[in-house]
Amino acid sequence: MDDALLVELKSHIGVCIGPVHAWDRVNHPMIRQWREAIDIEQQPPQEQNEAPATMLPVWLMAGLGGQPAPGSDLRDHRAIMKVLEREGFCGILGTNCEQEYERRLILGERISSTYEVESVSDRKQTRFGPGYFITFLQSFHDETKALVGSMRLRILRYRPDTLTKMERRPPPPQPAMNQDTSFFWEGLKQGKLLIQRCTGCGQLRHPPGPACTQCQSLEWDTLEAQGQGEIYSFVIVHKPIFEGFEAPHPIGLIALDEGIRLVAPLLAAERERLTIGSRVHAVFETPDSYHRMPIFHLSAEN
Ligand code: ZN
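Quick caveat, the model's predicted, so the values are computed rather than measured.

**Some points on the packing of aromatic side chains**
- Per the counting criterion, the structure on display carries four aromatic pairs.
- An angle of 85° between the planes, with centres 5.2 Å apart, marks the rings of phenylalanine 184 and tryptophan 185 as edge-to-face.
- With relative accessibility at 4%, the residue phenylalanine 184 sits in the buried group.
- It is arginine 78 that lies over the ring of phenylalanine 136; its NZ or CZ is 5.4 Å from the centre.
- A cation sits over an aromatic face here: arginine 261 above tyrosine 232, 3.6 Å from the ring centre.

**A closer look at the coordination of the zinc ion**
- Protein-derived ligands of the zinc ion are Cys198 (SG), Cys201 (SG), Cys212 (SG) and Cys215 (SG), with the metal-ligand distances lying across 2.2 to 2.4 Å.
- If you look at the zinc ion, its four donor atoms make angles of 97 to 116° with each other, and the shape they trace is tetrahedral.
- Expressed as a motif, the donor residue spacing for the zinc ion is C-x2-C-x10-C-x2-C.
- We classify cysteine 212 as buried; its relative accessible area is 3%.

**Let's talk about the pairing of strand E15 (residues 279-284)**
- Across three bridges, strand E12 (residues 228-237) lies against E15 in antiparallel orientation. Each residue of the ladder has a partner; that of glutamate 230, found in E15, is arginine 279.

**Some remarks on the nonpolar core**
- Of all hydrophobic cores here, the largest spans 22 residues; its most connected members are Phe184, Leu193, Leu256 and Phe296.
- Elements that contribute at least two residues to this core include exactly helix H5 (182-189), strand E9 (193-198), strand E13 (249-256), strand E14 (261-265), E15 and strand E16 (294-298).
- Of all the elements, H5 adds the most residues to this core, at four residues.
- Once residues within four sequence positions are removed from consideration, phenylalanine 184 is found in contact with Leu193, Leu194, His206, Pro208, Leu262 and Met293.
- In this structure, Trp34, Val58, Tyr115 and Val148 belong to the second largest nonpolar core, which totals 17 residues.

**Digging into H5**
- Taken as a whole, H5 has its buried residues at Phe183, Phe184, Trp185, Gly187 and Leu188.
- Buried residues belonging to H5 abut E9, strand E11 (220-225), E14, E15 and E16.
- Looking at the residues trailing H5, positive phi occurs at glycine 191, about 75°.

**Focus on the sheet that holds strand E10 (residues 204-205)**
- If you trace the three strands from one edge of the open sheet to the other, you get E10-E9-E11, paired in antiparallel fashion. Whereas interior strands pair on both sides, the edge strands pair on one side only; in this sheet they are E10 and E11.
- Bridge analysis of E9 against E10 gives two bridges, and the strand direction is antiparallel. Bridge assignment links glutamine 196 to a residue of E10, and that residue is arginine 205.

**Comments concerning the confidence of the model for the chain**
- Per-residue confidence for the chain gives a mean pLDDT of 88, with 92% of residues at or over 70.
- Across the chain, the secondary-structure element scoring lowest on mean pLDDT is helix H4 (residues 165-168), at 48, and the one scoring highest is strand E5 (residues 112-120), at 97.
- When the criterion is pLDDT under 50, residues 163-168 qualifies, and its contacts beyond four places in sequence or with other chains add up to six contacts.

**Digging into the sheet that holds E16**
- Strands sit in the order E14-E13-E12-E15-E16 across an open sheet of five strands; the sheet is antiparallel. With partners counted over all chains shown, the strands left at the sheet margins are E14 and E16, one partner each. The average undirected angle you get between the axes of adjacent strands in this sheet is 45°.
- Pairing between E15 and E16: five bridges, direction antiparallel. Across the sheet, the residue bridging to valine 280 is leucine 298, located in E16.

How each quantity is defined
- Residues numbered from 1 in each chain as written.
- Predicted model: local features only at pLDDT ≥ 70, side-chain atom pairs only at ≥ 80, totals over all residues.
- Heavy atoms only, no water.
- Phe/Tyr/Trp six-rings, centres within 6.5 Å; stacked < 30°, edge-to-face > 60°.
- Buried < 20%, exposed > 50% of the residue type's maximum accessible area, 1.4 Å probe, protein only.
- Lys NZ or Arg CZ within 6 Å of the ring centre and 35° of its normal.
- Donors = N, O, S within 2.8 Å, 3.2 Å for Na, K, Ca; no water.
- Tetrahedral: all angles 85-135°; square planar, octahedral: opposite > 155°, others 65-115°.
- Pairing = 2+ DSSP bridges.
- Helix = DSSP H or I, 4+ residues; strand = E, 2+ residues; numbered from the N terminus.
- Core = buried A, V, L, I, M, F, W, Y, C linked by side-chain atoms within 4.5 Å.
- Contact = heavy atoms within 4.5 Å.
- pLDDT = per-residue confidence, 0-100.
- Axes fitted to C-alpha atoms, helices over the stretch in contact; angles between N-to-C directions.

This is the structure we're talking about:
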């Protein structure tokens, strides 16, 4: 079923705008500079009087000022783009361009072109966001109005879906912090996995706590873990689905090489391949990501 915007877009199909005249006659300086710009060899002698076929649209370029040459149809041949921009479809991607040539252009002739919207797709859901594929047809004519070539340009005009899947999710609960644990969460913000270390006996402990269970010292500092370890155990959570998480998601008990164990998420995409004993390494999400937890990925050495 057509949406209202699609009906409006389709009303532009087949409306022919033109002629729009080339600013300049086919000339040698432009050919030379065009060849130089796209780094192709200079013209062989037998083609000295001809323009390269692929240069066809160049003759109709409006130039920096954007003004059409005198005598041109001044209607906007890209009016359909304004409609799309008005509706927020401001992203643009060229998808393909086809040129057809009827004959080579000869030095000294002056061409013109007409423009029309040839087709508009239904609204498509693309990975960039929802959008429409628009095909423009530009037809080129010589001074006798004979067709010398044509160009079909297909573009995707889309409404950028700038929010990632993660951002669209409701935020999950934030960790509860206190004076014993805040160093851990602050470290994660900076991409550091910090482990509490007793300065009395050197024992590492996790989760963090106020006193050493071995020597009862209240003094501690931190050690930055390398983020390497192995899966000591894991579960895959299917239910309950906590707000802000997508099930199924794996949670691991990771035995870090430093000698402590840590509960942390494992990469959901790898959940089918997880086994106890697999080597894993921590990958930190961007600093402001919601959970501020390293996600453990399977290491290449497995
Ligand atoms: Zn201790």
